[in-house]
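Residues per chain, in single letters:
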Amino acid sequence: ADTLYIQNVKDTAGNAMAAPQMFVLFLDTLPGPKALVITEIMYNPPESGVDSLEFIEIYNNDVVNVNLEGYTLKYGTSSFTFPAVLFINSGNFILVAPKANAASNFYGLHFMQGATNGISNSGTTVKLLSPTHVLIDSVDYKNTAPWPTDANGNGYSLSLCNPNLDNS
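Everything numeric here is computed off the predicted structure, so don't read it as measured data.

Draft legend 1. Structural context of the pairing of strand β12 (residues 135-142). Here 7 bridges tie strand β11 (residues 123-129) to β12, and the two strands are oriented antiparallel to one another. Considered in β12, the bridge of T125 is made with D140. Taken together, β11 and the strand that follows it, β12, pair antiparallel across an intervening segment of 5 residues, in which H133 is found at a positive phi of about 70°.

Below, the structure is given as structure tokens:
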């Protein structure tokens, strides 16, 4: 918060202000991380050996639209940086897949082409980093309990059901 004082102001006729005016200002100058959340990981679909249906879902849990330009999605040794201007609206999600065309055709949704390496079937850490490399969200998943084992090749994905909860 900051305070702005205005005094000794005259109008065009030369009339002075009767009294000084005080305004309290709140200005957020920090480009802090937005509320982007990794909400779904399909790491081992039930298809045989090609893993063309894998994907990661990122949800915008913020009250404003977020430009993903320069954000980086990392999983295992793979890394994908969102190019150009790409807005994700408040309350919406974006889907990123190693094989976007195959995933789009199968699921009937639009997928963005990410890093072409598959998502590890045995577990890894998925991270979302801001353009300034601030960690926005991360998930360190495994293919064994206590993680849901049905997501390991049985057609299910790992889903964060409440984006207001901590992904860890």
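After that view, the rundown keeps rolling.
Draft legend 2. Layout of the sheet that holds strand β4 (residues 55-60). Read from one edge of the open sheet, 5 strands run β10-β9-β4-β3-β13, paired in mixed fashion. The sheet terminates laterally at β10 (112-113) and β13 (158-159), the two strands that pair on one side only. Relative to β13, strand β3 (residues 36-42) runs antiparallel, the two sharing 2 bridges. If you follow I41 over to β13, its bridge partner there is L158.

So, how was this worked out
- Residues numbered from 1 in each chain as written.
- Predicted model: local features only at pLDDT ≥ 70, side-chain atom pairs only at ≥ 80, totals over all residues.
- Heavy atoms only, no water.
- Pairing = 2+ DSSP bridges.
- Helix = DSSP H or I, 4+ residues; strand = E, 2+ residues; numbered from the N terminus.

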